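# Coordinates in review
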Amino acid sequence: MLNRQGRSTQAVGTEDTEMDMETFTGNKGLNHETPLIFEQGLPGRVGVDMAEPKEVKSRLGGLERKDPIGLPDLSEPQVLRHFVRLSRQNYSIDSGFYPLGSCTMKHNPRINEKVARLAGLGDLHPLQPVSTVQGALELIDSLAHWLKTITGMPAVAMSPAAGAHGELCGVMAIRAAHEANGQARTRILVPESAHGTNPATAALCGYKVDAVPAREDGRMDLEAFATKLGPDLAGVMLTNPNTCGLFETDVKKIADMVHEIGGYFYCDGANLNAILGRVRPGDLGVDAMHINLHKTFSTPHGGGGPGSGPVVLSEALAPFAPVPFVTHGAKGFDLIEHARGEAAASFGRMKTYHGQMGMFIRALAYMQSHGADGLRQIAEDAVLNANYIRVGLNDLLHSPFKGVCMHEALFDDSSLKGTGVTTLDLAKALIDEGFHPMTMYFPLVVHGAMLIEPTESESRQTLDEFIGAMRHLLGKAKAGEADYFLGAPHFAPRRRLDETGAARNPILRWTSPAAGQLADDVTLSAAS
Ligand SMILES: *Cc1c(COP(=O)(O)O)cnc(C)c1O
């Protein structure tokens, strides 16, 4: 059946409600459907009534666009409603629990937003003369000081725009250091359980990626590591705590062994929230480590940005840090913009301008509002919450590694064996319960992995509710109710989608359906 917008109502209902509870509009109460914005356009409709521009002589030398770009013609209320309706179908940390492992989706205190919007900070332009931005440079310098103090490292590069960009910065510094020593090393060791960005970074920098297997206990296999050391090795990239949510207890040995053969130790510090104020990476022999400000120090992220990934550097790598960086002298704060003078060995620039200023402000506000004791408590509470979930579920779900976890609890799918229910089914049913699913099928070294990171910002009530929902669903699975999971999510705005199809064959251009059909439907909705 076609509704007013000419769309099949099949797409919007759930199987059990379609028959008896179908609405004329396809809306479900206050959950509004919204067609593609292109389907809503009507040629000639206007949102903003502006005067025709004066004839101007083009300066594009014939390169200007000749045809209309095909944007739909819409009224202002249509545009507003379309995007507000879409936003209400979205899930966010502000609407519910978001336990994505390895992503650290924690609450962003609103004080961060308030200070980031202060006129003197929010209105800055990166090309302003240095004399007019002394306060902003002082802020960057203070944040750098906090990051160096927290990590026990002597230097920090502030400009990288995210964790993966920070990795690129760190590995470029490693390469620059080897080149400065006249060494052409070709290989980087990466554990099998690493975040995908690690091998990608090493490969992007021209290195051969050599994978190190994990031990039974989920840590990197030290013996296998030892056999892979050699003079062609540029370094090792290790995540600590690792992506199984475990502390790499051999980390100091690993650092010493890689230093012994003249290599460098890159530590993926995306999970710093688990050790904040408890462990200083500088004491572990780290040479370069990115810190995801958007994970450890709150600030919103997701959907591709924004992020910020400053990289702390050891004495050995500091000279190769990218420009620009802030200095402080007799005449106040200054910016070193080019790879010369004080920055002569710098490998160059990571991006335009100085880094993600808005994120710097939020991160510093977060640090200063928590203080040293508060930051330490973040790590303690993050670990406590993860273990609360681990213990709350471990009679129904199997943990591949024994003992206490760090900031995230990891389960495999062995206890779902024979139920006909998969990790994916369970995740989809969690959506019906009003939760964003955990990270699934990662790390790859664990079969049917479920990686759950509650973060410190969740209350015990929320954790109990989540554990309750998980126990309810696992109970159903084990009671032979696999059918319930097949159609899940039942209550989400969309049912189960072909996610692979959406990624592999995205439809990025809208083609209008048969003109007559569209005209009728549009007339009907325009008249109402
Ligand atoms: C998130 C994450 C990254 C990548 O950080 P982005 O800011 O998303 O680029 C790298 N490693 C680990 C372990 C992570 O959790």
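Residues numbered from 1 in each chain as written. Predicted model: local features only at pLDDT ≥ 70, side-chain atom pairs only at ≥ 80, totals over all residues. Heavy atoms only, no water.

### A word on the overall build of the protein
When helices and strands are tallied, the protein shows 17 helices and twelve strands. Computed over its C-alpha atoms, the radius of gyration of the protein comes to 27 Å, within 12% of the 24 Å expected for a compact globule of 528 residues. Reported as C-alpha extents along the three principal axes, the dimensions of the protein are approximately 75 × 75 × 40 Å. Look at the contacts in the protein between residues 6 or more apart in sequence, and 70% of them connect residues 24 or more apart. (Helix = DSSP H or I, 4+ residues; strand = E, 2+ residues; numbered from the N terminus. Rg over C-alpha atoms; globule rule 2.2 N^0.38 Å. Contact = heavy atoms within 4.5 Å.)

### Let's talk about the nonpolar core
Inside soluble globular proteins, nonpolar side chains tend to come together where they are buried. With 56 residues, the main nonpolar core has Leu143, Leu147, Phe225, Phe265 and Phe297 as its most contacted residues. If you list the elements that add at least two residues to this core, you get α6 (134-151), α9 (222-227), β4 (233-239), α10 (251-260), β5 (264-268), β9 (332-336) and α12 (357-393). Counting residues per element, this core draws most heavily on α12, which supplies eleven residues. In terms of nonpolar packing, the next biggest core, distinct from the first, is built from 29 residues, Phe97, Leu430, Leu463 and Phe485 among them. (Core = buried A, V, L, I, M, F, W, Y, C linked by side-chain atoms within 4.5 Å. Buried < 20%, exposed > 50% of the residue type's maximum accessible area, 1.4 Å probe, protein only.)

### Here's the deal with the sheet that holds strand β11 (residues 439-440)
One open sheet accounts for three strands, arranged β10-β12-β11; its pairing is antiparallel. Bordering the open sheet on either side are β10 (409-411) and β11, each of which pairs with just one other strand. The sheet contact formed by β10 and strand β12 (residues 450-452) spans three bridges and is antiparallel. Bridging from a neighbouring strand, phenylalanine 411 pairs with methionine 450 of β12. Strands β10 and β12 of the sheet are contacted by α12, whose axis makes an angle of about 30° with β10. (Pairing = 2+ DSSP bridges. Axes fitted to C-alpha atoms, helices over the stretch in contact; angles between N-to-C directions.)

### Some points on the site of the ligand
Residues in contact with the ligand amount to 13 residues; listed here are only the nearest, Ser102, Gly163, Asp268, His294 and Lys295. Taking glycine 163, its main chain carries an N or O atom lying 2.8 Å from an oxygen atom of the ligand. Here an oxygen atom of the ligand and a side-chain polar atom of asparagine 292 are 3.0 Å apart. If the ligand stood free it would expose 380 Å²; the protein chains cover 86% of that surface. Of all the secondary-structure elements, those providing two or more residues to the shell around the ligand are α7 (163-180) and α11 (293-296). (Near = heavy atom within 4 Å. Polar contact = N/O pair within 3.5 Å; in protein donor to acceptor, adjacent residues only side chain to side chain. Areas by Shrake-Rupley, 256 points an atom, 1.4 Å probe, with all protein chains shown as cover.)

### Topic: the packing of aromatic side chains
Each aromatic ring pair is summarised here by two numbers: the centre-to-centre distance and the angle between the ring planes. Applying the stated rule across the entire model yields six aromatic pairs. Arranged with centres 6.1 Å apart and planes meeting at 85°, the rings of phenylalanine 97 and phenylalanine 435 form a pair that is edge-to-face. Of this pair, phenylalanine 97 sits in the loop between α3 (76-88) and α4 (110-116) while phenylalanine 435 is found in the loop between α13 (423-432) and β11, placing the two residues 338 residues apart along the sequence. Per residue, the accessibility class of phenylalanine 97 equals that of phenylalanine 435, and both read buried. These aromatic residues form a ring-pair network of at least three members: Phe97, Phe435 and Phe466. (Phe/Tyr/Trp six-rings, centres within 6.5 Å; stacked < 30°, edge-to-face > 60°.)

### Remarks on the sheet that holds strand β7 (residues 311-313)
Ordered by their spatial adjacency, seven strands build an open sheet running β1-β7-β6-β5-β4-β2-β3, and the pairing between neighbours is mixed. Each edge of the open sheet carries a strand with a single partner, namely β1 (155-157) and β3 (208-212). Taking the axes of each pair of neighbouring strands and ignoring which way they run, one obtains an average angle of 25° across the sheet. As paired strands, strand β2 (residues 187-191) and β3 are joined by five bridges and run parallel to one another. Residue pairing in the sheet places isoleucine 188 in a bridge with valine 209 of β3. Sitting on the sheet, α6 touches β1, β6 (288-290) and β7, and the angle it makes with β1 is about 125°. Packing of helix α8 (residues 197-204) onto the sheet brings it into contact with β2, β3, β4 and β5, and relative to β4 it is tilted by some 160°.

### A short note on the pattern of salt bridges
According to the stated counting rule, one finds 21 salt bridges in the structure shown. For arginine 494, the salt bridge is made with glutamate 33, and the minimal N-O distance between the two is 3.1 Å. One end of the pair, arginine 494, is in the loop between α15 (482-486) and α16 (499-504); the other, glutamate 33, is in the loop between α1 (15-20) and α2 (37-40), and 461 residues separate them in sequence. The closest approach of N and O atoms between arginine 117 and glutamate 113, which form a salt bridge, is 2.6 Å. Residue classification places arginine 117 among the exposed positions, given a relative accessible area of 58%. The exposure class assigned to glutamate 113 is buried, which follows from its relative accessible area of 12%. The network of salt bridges with shared partners includes Arg187, Asp210, Lys228 and Asp232. (Salt bridge = Lys/Arg side-chain N within 4 Å of Asp/Glu carboxyl O.)

### A few points about α6
For α6, built from 18 residues, the straight-helix expectation of 26 Å at 1.5 Å per residue is met to within 8% by its first-to-last C-alpha distance of 26 Å. Those residues of α6 that fall on the buried side of the exposure criterion are Ala136, Leu137, Leu139, Ile140, Leu143, Ala144, Leu147, Ile150 and Thr151. Seen from one end, α6 has its buried residues packed into an arc of 155°, which puts them on one side. Backbone geometry just after α6 places glycine 152 at a positive phi near 65°. (Expected span 1.5 Å × (residues − 1). Arc of directions from axis to C-beta.)

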